[in-house]
Amino acid sequence: YMHKGDYPNAILILNRALLLQPGSLEITKDLGLNYYYAKDYKRAAEVLTPLFDRTDVDDQVFQIAGDAYWAMENAQESENVYKKGIKKLPNSGPLYNELGKVLWTKNDFTAIKQWEKGIENDPGFAGNYYNASKYYYFTTDKIWSLLYGEIFINIDPKSEYSPEIKNILLEGYKKLFAEADLEKNNKEKNNFTNAFLKTMNKQSSLAASGINAETLTMIRTRFILDWDVNYAAKFPFKLFQLQKQYIQEGLFNAYNQWVFATAQNLPAYQSWTNTHSQEYNDLNRFLQGRIFKIPAGQYYH
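Owing to the predicted nature of the structure, the values given are computational and were not obtained by experimental measurement. (Residues numbered from 1 in each chain as written. Predicted model: local features only at pLDDT ≥ 70, side-chain atom pairs only at ≥ 80, totals over all residues. Heavy atoms only, no water.)

Peer 1: Help me understand the overall build of the protein chain, please; the structure alone is not making it clear to me.
Peer 2: Helix and strand counts for the protein chain stand at 16 helices and zero strands. For the protein chain, the C-alpha atoms occupy an extent of roughly 70 × 45 × 35 Å along the three principal directions. Looking at the protein chain as a whole, 48% of its 301 residues qualify as buried. When contacts within the protein chain are restricted to residue pairs at least 6 apart in sequence, long-range pairs at least 24 apart make up 59% of them. Of the roughly 15100 Å² of accessible surface on the protein chain, 50% is carried by carbon and sulfur atoms. Of the side chains in the protein chain, 34 bear a positive and 34 a negative charge, and the two mean positions are spaced by 3 Å. (Helix = DSSP H or I, 4+ residues; strand = E, 2+ residues; numbered from the N terminus. Buried < 20%, exposed > 50% of the residue type's maximum accessible area, 1.4 Å probe, protein only. Contact = heavy atoms within 4.5 Å. Areas by Shrake-Rupley, 256 points an atom, 1.4 Å probe, with all protein chains shown as cover. Lys, Arg positive; Asp, Glu negative; His and termini not counted. Charge placed at Lys NZ, Arg CZ, Asp CG, Glu CD.)

And the structure:
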């Protein structure tokens, strides 16, 4: 009934299921979710709140309840629920993501701290990378928007938000290479960031003809080869390891076309896929045949 969108019947059956199995977390959670989908947000919150203090509670309970308060335009209570959830489940990426979004709507720029904590504590969850990438793109930062954005599209390549992030990546590289010397005004004290800038700066001359999918393929290929020699052991980073794999598989050009050319000129990219059908098909098989996840401990920000 739920999958058919018949929430009243789903609610009816789940309420009877609770009579047979009082206290079931899964049944109660499904009941709250159906109330939420039925837009009975008050009832959804009422059903889920008693679960908050249970030892077996999961982050979905807090997420649905927080979303219900948000739908009731009660931002403060929504924030309280997410914070309570994080206190109980400090490794939940979705809860950091939701809390960050609530803070952002209040023009509270500490939202980025929540997204960063989500990335650090739950590196496999995509949402925090998406929001952090957008946040950094509109600041003076030139690096983390690129790294987080590219991680996002690899974790969730079919996301409806991928085109938006691909555009940020293309424009972000233009911003990165706007100065001829990438290290000139660098005031970073972060060793990873400094290593990134130093290695990328060696490729700066390749940007002289402009930033596009073709020049970025050359720049990023040389970057990875250089990084692999000088910094890979000190800063193991799954994103750069993936890029190295694309190079080894002969797919890096196709990958860069997929990332940058779609944002640069979609009709031109579609034309490229027609003339490079083998590369395009090989890339698609690669993208569909693997799950990309940043391991714990590879947090350098």
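Peer 1: I would appreciate a short explanation of the packing of aromatic side chains in the present structure.
Peer 2: The geometry of an aromatic ring pair comes down to the distance between the two centres and the angle between the two planes. What the rule picks out here adds up to 36 aromatic pairs. On the numbers, 5.1 Å between centres and 45° between planes, the contact of W227 with Y231 is tilted. Relative accessible area serves as the criterion here: at 3%, W227 is assigned to the buried category. Against the face of Y137 rests K175, its NZ or CZ located 5.1 Å from the ring centre. (Phe/Tyr/Trp six-rings, centres within 6.5 Å; stacked < 30°, edge-to-face > 60°. Lys NZ or Arg CZ within 6 Å of the ring centre and 35° of its normal.)

Peer 1: I would appreciate a short explanation of the packing of helix α2 (residues 25–37) against helix α3 (residues 41–48) in the present structure.
Peer 2: In a pair of packed helices, the angle between the axes and the distance between the axes together describe the arrangement. Interhelical geometry of α2 versus α3 gives an angle of 165° and a closest axis separation of 7 Å. Relative to α3, the element α2 lies roughly antiparallel. Considering only the axes of α2 and α3, their crossing is left-handed. When α2 is examined against α3, the residues T28, K29, L31, G32, Y35 and Y36 are found in contact with a partner set consisting of Y41, R43, A44, V47 and L48. Considering only residue class, the contact of α2 with α3 consists of seven nonpolar, two polar and two charged. (Axes fitted to C-alpha atoms, helices over the stretch in contact; angles between N-to-C directions. Parallel < 35°, antiparallel > 145°, perpendicular 65-115°, else oblique. Left-handed = near helix turned anticlockwise from the far one by under 90°. Nonpolar A, V, L, I, M, F, W, Y, C, P; charged D, E, K, R; others polar.)

Peer 1: It is not clear to me how the side chain of K29 should be interpreted in this structure. Could you clarify?
Peer 2: In this structure, K29 sits in helix α2. Owing to a relative accessible area of 6%, K29 belongs among the buried residues under this scheme. Those residues within four positions of K29 in sequence are excluded, and the remaining contacts are L48, L51, D58, Q60, V61 and I64.

Peer 1: How do you make sense of the pattern of salt bridges when you look at a structure like this?
Peer 2: Opposite charge on two side chains allows them to pair when their charged atoms are near. A full pass over the atoms with the stated rule returns 16 salt bridges. For E79, the salt bridge goes to K83, with nearest N and O atoms at 2.8 Å. Note that E79 and K83 are positioned in helix α5 (residues 75–88) at a spacing of four residues, about one turn of the helix. For E79, a relative accessible area of 5% translates into the label buried. The partner of D226 in a salt bridge is K202, with the nearest N and O atoms 3.2 Å apart. Of this pair, D226 sits in helix α12 (residues 213–230) while K202 sits in the loop between α11 (191–201) and α12, and the two are 24 residues apart along the sequence. One salt-bridge network, in which partners are shared between bridges, spans E26, K29 and D58. (Salt bridge = Lys/Arg side-chain N within 4 Å of Asp/Glu carboxyl O.)

Peer 1: Explain the packing of helix α13 (residues 238–248) against helix α16 (residues 277–288) to me, please; I cannot follow it from the model alone.
Peer 2: Two numbers describe how α13 lies on α16: the axes approach to 12 Å, and their chain directions differ by 145°. For α13 against α16, the interelement crossing comes out right-handed. Residues L242, Q245 and Y246 of α13 form the contact with α16, whose participating residues are L283, F286 and L287. For the contact of α13 with α16, the residue count by class is five nonpolar, one polar and no charged.

None of this, on its own, says anything about what the molecule does.
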